[in-house]
Amino acid sequence: MEQKNIHRFIRIAQITLAFIFIVIIAGSVVRATGSGMGCPDWPKCFGSWIPPTDISQLPPNYKQLYAGEHNAVAEFNVLNTWTEYLNRLAGAILGVLVFIQLIASIKIRKLDKRIFVLSVLSFLMIGFQGWLGAKVVSSNLAPMKITIHMVMALVILAVAVAIIYRAKKLVSTIPEKTTPPLIIQLSAIVLFFTIIQIMLGTQVREEVDILLKNFDAAFRGDIIANLGITFNIHRSFSIAIMLVNFFMIYKIIKSDATDSLKKLGKILGGILIAELIVGIVLNRFALPAALQPVHFLLACFAYALQFLIILKVVKK
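Let me begin by describing the structure that accompanies this report.

About the cut-offs
- Residues numbered from 1 in each chain as written.
- Predicted model: local features only at pLDDT ≥ 70, side-chain atom pairs only at ≥ 80, totals over all residues.
- Heavy atoms only, no water.
- Helix = DSSP H or I, 4+ residues; strand = E, 2+ residues; numbered from the N terminus.
- Contact = heavy atoms within 4.5 Å.
- Buried < 20%, exposed > 50% of the residue type's maximum accessible area, 1.4 Å probe, protein only.
- 1 Å grid on protein atoms, 1.4 Å probe; cavity = no way out; pocket = protein on both sides within 12 Å on 5 of 7 lines; lining within 4 Å.
- Points joined across faces, edges and corners; volume = space filled by probe spheres on them.
- Nonpolar A, V, L, I, M, F, W, Y, C, P; charged D, E, K, R; others polar.
- Expected span 1.5 Å × (residues − 1).
- Polar contact = N/O pair within 3.5 Å; in protein donor to acceptor, adjacent residues only side chain to side chain.
- Patch = residues over 30% accessible without salt bridge, like charges linked within 9 Å, V, L, I, M, F, W, Y side chains within 5 Å.
- Areas by Shrake-Rupley, 256 points an atom, 1.4 Å probe, with all protein chains shown as cover.
- Salt bridge = Lys/Arg side-chain N within 4 Å of Asp/Glu carboxyl O.
- Lys, Arg positive; Asp, Glu negative; His and termini not counted.
- Charge placed at Lys NZ, Arg CZ, Asp CG, Glu CD.
- Phe/Tyr/Trp six-rings, centres within 6.5 Å; stacked < 30°, edge-to-face > 60°.
- Core = buried A, V, L, I, M, F, W, Y, C linked by side-chain atoms within 4.5 Å.
- Axes fitted to C-alpha atoms, helices over the stretch in contact; angles between N-to-C directions.
- Parallel < 35°, antiparallel > 145°, perpendicular 65-115°, else oblique.
- Left-handed = near helix turned anticlockwise from the far one by under 90°.

### Focus: the side chain of Q129
Part 1 of the reasoning: With respect to the secondary-structure elements, Q129 resides in helix α4 (residues 113-138).
Part 2 of the reasoning: Ignoring anything within four residues of it in the chain, the contact list for Q129 reads H149, M152, A153 and I156.

### Quick look at the environment of R88
Part 1 of the reasoning: Looking at where R88 falls in the secondary structure, it is placed in helix α3 (residues 78-106).
Part 2 of the reasoning: A relative accessible area of 15% means that R88 is categorised as buried.
Part 3 of the reasoning: For R88 and A104, which are 16 residues apart along the polypeptide, the C-alpha to C-alpha distance reads 24 Å.

### Here's the deal with the layout of surface pockets
Part 1 of the reasoning: As a volume, the second largest pocket reaches approximately 780 Å³.
Part 2 of the reasoning: Lining the second largest pocket we find 30 residues, and of these Y165, K168, S260, L308 and K312 sit closest to its centre.
Part 3 of the reasoning: Listed by contribution, the elements that provide at least two residues to the lining of the second largest pocket are α1 (2-32), α5 (143-169), α8 (259-284) and α9 (292-313).
Part 4 of the reasoning: Looking at the lining of the second largest pocket residue by residue, the class counts come to 15 nonpolar, eight polar and seven charged.

### Let's talk about α3
Part 1 of the reasoning: Taking 1.5 Å of rise per residue, 29 residues should cover 42 Å, and α3 covers 43 Å from first to last C-alpha, within 8% of that figure.
Part 2 of the reasoning: Near the N-terminus of α3, the side chain that reaches the backbone nitrogen of L79, with its oxygen 2.9 Å away, is that of N77.

### Quick word on a positive patch on the surface
Part 1 of the reasoning: A grouping of K4, R8, R11 and K107 is seen on the molecular surface, where their side chains present a positively charged patch.
Part 2 of the reasoning: The topology assignment puts R8 in helix α1.

### Thoughts on the packing of aromatic side chains
Part 1 of the reasoning: All told, the structure shown has seven aromatic pairs when counted by the stated rule.
Part 2 of the reasoning: Their ring planes at 70° and their centres at 5.7 Å tell us that F46 and F76 sit as a pair that is edge-to-face. Taken as a pair, F46 in the loop between α1 and α2 (62-65) and F76 in the loop between α2 and α3 lie far apart in primary sequence, 30 residues in all. Accessibility classification places F46 together with F76 in one group, the buried group.
Part 3 of the reasoning: Members of the aromatic cluster, joined through ring pairs, are F192, F193 and F237.

### As for the nonpolar core
Part 1 of the reasoning: Formed by 75 residues in total, the largest nonpolar core has its most connected members in F9, L157, V161, M248, L268 and I309.
Part 2 of the reasoning: Elements with a contribution of two residues or more to this core: α1, α3, α4, α5, α6 (181-214), α7 (229-254), α8 and α9.
Part 3 of the reasoning: If we skip the residues at most four places from it in the chain, F9 touches Q101, A104, S105, I108, I115, S119, I163 and A167.
Part 4 of the reasoning: By size, the runner-up hydrophobic cluster in this structure holds nine residues, among which are C39, C45, L58 and F76.

### Thoughts on the packing of α8 against α9
Part 1 of the reasoning: Two numbers describe how α8 lies on α9: the axes approach to 9 Å, and their chain directions differ by 155°. Taken together, the axes of α8 and α9 lie roughly antiparallel to each other. Relative to α9, α8 is oriented so that their crossing is left-handed.
Part 2 of the reasoning: Looking at the contact of α8 with α9 residue by residue, the classes come out as 18 nonpolar, five polar and two charged.

### Quick look at the pattern of salt bridges
Part 1 of the reasoning: A full pass over the atoms with the stated rule returns two salt bridges.
Part 2 of the reasoning: For R88, the salt bridge is made with E84, and the minimal N-O distance between the two is 2.8 Å. With R88 and E84 both in helix α3, this residue pair falls four residues apart, about one helical turn. Here the two residues R88 and E84 agree in accessibility, since each one is buried.
Part 3 of the reasoning: A salt bridge links D112 to R166, with the shortest nitrogen-to-oxygen separation between them at 2.9 Å. One end of the pair, D112, is in the loop between α3 and α4; the other, R166, is in helix α5, and 54 residues separate them in sequence.
Part 4 of the reasoning: Judged by relative accessible area, which is 10%, D112 ranks as buried.

Structure (C-alpha cells):
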C-alpha cells in the first residue's frame, strides 16, 4: 500500500511540475505580447468568468467601468484578453493540482516528513502567487511587482523539483555514490550564476517594456541600441555561465557518477546550447516577441536541472 501511495504521489507531483512550466510559459507569452492588461480586473475578466470575444459584448463605458485605481484600460483586444485569461486559467488549474498534491502527501508523511512540509509550503506559495498576480494587475503592471512575481515562480519551481526528488528517493534502488568536492562546488556556482542571469534578464525585460512604450513599432530595431549597461552585462555574463556549466558537465561525465546524473548533465548541455542560440537570435534580430518566451522557458529548464543536480550531489 505504501509503494502504491508513493507512486501515485510521484505522478501527481510530476503533473504539477509540468503545469508549473505551463504557467511560466503562459506568463512569459502574456508579457511578450503585451497582454498583461488584457483583463483589467481580477479574478474575473471584464466582470465575467468567461471573457468576451467581441467588443459588442461590453458596455459602451467599459473603459471607465473597469479602470479602477490604475485608470489604464486600453482598447479591447480579443487576442490580449484571451491570452491573459488562459494564463489565469492555467494558474487556477495549478492551484487545484498543488492542493491535490498536498492531500496526497499526507498519506506518505510518515515516510518523509519533509515531503509533506514542502507540499504545504508549495500550496501556500501558490496562494501568495495568486494574490501577487492580483496586485500586479491592480498596479497596472508595475515592473518591480512583475519581477517579484517571477522570482516567486522560480522558488515554486525549485520546491516542486525537490518534492519529486525526495519522493523518488523513497522507491529508488540505485546506490548513492560519493561526488567529488569540485563537482559539488561547481553545481552551487552554476546555479548561483543562473539565478543572477535570470534576474539580469528580468531587468533587461523591464527596460525593453519601457522602451517599447516610447518607441513606435517601426523603430523596434533601435531597442537594443538603446538598452543600458544591464543588457551588456547580461549578454557578456552568458559566456561565463556557459564556460562554468560545460566544465561542470565535463567533470560529471568523466567522474564515477551514476548514469542518471550523467544523463542530467548531457540534457543540461543541450538546453544551454539551445538557450545560447535563441539569445543570439534575439540579439541579432531586434528581440522577436515569439522567441522571448522560449528564451525564458529554456532558462527555467536549465535552472530546474541545475537545482536537481545539486540535490543529487549534495546528499545532506
